[in-house]
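Here is how the chains run, residue by residue.
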Amino acid sequence: MRLFMATVHDIRYQAKYGFYFLYAFITVLYCAILYFLPDQHKAIGASLILLTDPATLGFFFVGGIWLLEKDEGIHRFYGISPLKPIEYILAKGLSLAMISTLSAFFIVRFSHPGSADYPLLLSSIFVGSCIFTLLGLAMATYANSVNSYMVKGVPVGMILILPPLLVAFQISHPVLEIMPGTILWRLIDGSIKGQLEPGSIVFLFGLMIWLGISIWIALLRVPSALQGEGGGKL
């Protein structure tokens, strides 16, 4: 119940600061871009857009959310609240994943109607967004300002995004294939085209492993950061 209420609170907080309005505008912009792409390029265009934006939205947005909460003193409240660290962390991942998944649905529905495997696509986007959000949340605990977060977060974001971009353009290596971004892109691309590779179940398993890793990384950083600001126990 606490997780549900924390997620609802985060959704309201994001709506208050215009995250939903901003992403509605960005979604419409991407749909317009895909509209003018030749039909033979729509699938690859949509898959790269979903990887580099809705799926990674949380990584960059969560830094701003963390810093806003910090400036408003909200972290001091969490320091004395009964909310468990895992609940705080998961609420951030779930709330931003909902925006990503909703945006992804409209982008694919507009650009590639009728042919996508929507259950696999949207579940992959949801899990992938959670992974990037939680990694971004861990990075945000090292930042004292938006500029600081961008300086520290952009290189990490590039490490996450560059491998699948290389693979998409036929530059592959076993190390690139095990990166979370590459696994997510394989699932996105296959589900959009409706032509999943035989090893798709392995990709799903790999994505779940990365979800566990991202939760573990966030748990290493977030509780101590909140305790340091709140002076109490989360």
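Rules used throughout
- Residues numbered from 1 in each chain as written.
- Predicted model: local features only at pLDDT ≥ 70, side-chain atom pairs only at ≥ 80, totals over all residues.
- Heavy atoms only, no water.
- Core = buried A, V, L, I, M, F, W, Y, C linked by side-chain atoms within 4.5 Å.
- Buried < 20%, exposed > 50% of the residue type's maximum accessible area, 1.4 Å probe, protein only.
- Helix = DSSP H or I, 4+ residues; strand = E, 2+ residues; numbered from the N terminus.
- Contact = heavy atoms within 4.5 Å.
- Salt bridge = Lys/Arg side-chain N within 4 Å of Asp/Glu carboxyl O.
- Axes fitted to C-alpha atoms, helices over the stretch in contact; angles between N-to-C directions.
- Parallel < 35°, antiparallel > 145°, perpendicular 65-115°, else oblique.
- Nonpolar A, V, L, I, M, F, W, Y, C, P; charged D, E, K, R; others polar.
- Phe/Tyr/Trp six-rings, centres within 6.5 Å; stacked < 30°, edge-to-face > 60°.
- Lys NZ or Arg CZ within 6 Å of the ring centre and 35° of its normal.
- Expected span 1.5 Å × (residues − 1).
- Arc of directions from axis to C-beta.
- Bend = angle between axes of the 7 residues up to and from the residue.
- UniProt positions renumbered as here; feature names shortened; annotations may be inferred.
- Patch = residues over 30% accessible without salt bridge, like charges linked within 9 Å, V, L, I, M, F, W, Y side chains within 5 Å.
- Areas by Shrake-Rupley, 256 points an atom, 1.4 Å probe, with all protein chains shown as cover.

Asker: Quick rundown of the nonpolar core? Include the residues and the values.
Answerer: Ranked by internal contacts, the top residues of the largest apolar core, which has 69 residues, are Leu50, Trp66, Tyr88, Leu121, Tyr149, Ile192 and Val222. Among the elements that take part in this core, helix H7 (residues 118-140) stands out by supplying 13 residues, more than any other. If we skip the residues at most four places from it in the chain, Tyr149 touches Phe59, Phe60, Val62, Gly63, Leu67, Gly136, Met139, Ala140, Ala143 and Val154.

Asker: Tell me about unusual backbone geometry, and name the residues and values.
Answerer: Positive phi is not limited to glycine here, since Gln170 has a value of about 65°. The topology assignment puts Gln170 in the loop between helix H8 (146-168) and helix H9 (174-177). For Gln170, a relative accessible area of 72% translates into the label exposed.

Asker: Can you lay out the pattern of salt bridges for me, pointing to particular residues and giving the numbers?
Answerer: Pairing between side chains of opposite charge can happen when their charged atoms approach one another. Following the criterion strictly, the structure yields 4 salt bridges and no others. Measuring nitrogen to oxygen at the nearest pair gives 2.7 Å for the salt bridge that ties Glu177 to Arg186. A cluster of three or more residues bridged by salt bridges with shared partners is formed by Asp10, Glu69 and Lys92.

Asker: Now, about the packing of helix H3 (residues 39-52) against H8: what can you tell me, with residues and values included?
Answerer: One can describe the packing of H3 onto H8 by two numbers: an axis separation of 11 Å at closest approach and a directional angle of 170°. The angle between H3 and H8 places the two elements in the roughly antiparallel class. The segment H3 lies against H8, with Leu48, Leu51 and Thr52 engaging Ile161, Pro164, Leu165 and Ala168. Its residues placed into classes, the contact of H3 with H8 shows 6 nonpolar, 1 polar and no charged.

Asker: So, the packing of aromatic side chains: which residues are in play, and what are the values?
Answerer: For any pair of aromatic rings, the description rests on two quantities: the centre-to-centre distance and the angle between the ring planes. For the coordinates displayed, the defined rule picks out 8 aromatic pairs. With a centroid separation of 5.0 Å and an interplanar angle of 80°, the aromatic rings of Phe59 and Phe60 are classed as edge-to-face. Residue classification places Phe59 among the buried positions, given a relative accessible area of 1%. The partly exposed category is assigned to Phe60, whose relative accessible area is 32%. Taken together, the ring pairs in this structure connect Phe19, Tyr23 and Phe61 into an aromatic cluster. Over the aromatic face of Tyr142 sits the side chain of Arg221, whose NZ or CZ is 4.0 Å from the ring centroid.

Asker: Explain helix H1 (residues 2-16) residue by residue, including any values.
Answerer: Look at H1: 21 Å from first C-alpha to last across 15 residues, which is about the 21 Å you get at 1.5 Å a residue. Within H1, the full set of buried residues consists of Ala6, Thr7, Asp10, Tyr13 and Gln14. Taken down its axis, H1 places every buried residue within 120° of arc, on the same side. For H1, the exposed residues lying more than 90 degrees away from the buried face are Phe4, Arg12 and Lys16. Gly18 occupies a position one or two residues after H1 and carries a positive phi of about 80°.

Asker: Just give me the short version of H8, but keep the residues and values in it.
Answerer: Between its first and last C-alpha atoms H8 spans 31 Å; for 23 residues at 1.5 Å apiece the expected length is 33 Å, and the two agree. Its maximal kink placed at Gly153, H8 deviates by approximately 35°, while the proline Pro155 follows within four residues. Looking at H8, one finds that the buried residues are Ser148, Tyr149, Gly153, Gly157, Leu160, Ile161, Pro163, Pro164, Val167 and Ala168. Taken together, the buried residues of H8 touch H3, helix H4 (57-71), H7, H9 and helix H10 (180-193). Looking one or two residues past H8, Gln170 carries a phi angle of roughly 65°, positive in sign.

Asker: Requested: an account of the UniProt feature "transmembrane region" (unreviewed entry) in the protein, with residues and values cited.
Answerer: The UniProt record marks residues 20-37, 43-68, 89-108, 120-142, 154-172 and 201-220 with the feature "transmembrane region" (unreviewed entry), using the residue numbering of this structure. Between the first and last C-alpha atoms of residues 20-37 the distance is 26 Å; the span itself is 89% helix and 0% strand. Regarding residues 201-220, the helix share stands at 100% and the strand share at 0%, and the terminal C-alpha atoms are separated by 29 Å.

Asker: For a nonpolar patch on the surface, give the residues involved together with the corresponding values.
Answerer: On the surface, a cluster of nonpolar side chains totalling about 410 Å² of accessible area is made up of Phe60, Val146, Met150, Val154 and Met158. Looking at the nonpolar patch element by element, the count peaks at 4 residues for H8. Relative to the helices and strands, Met158 resides in helix H8. The class for Met158 is partly exposed, based on a relative accessible area of 46%.

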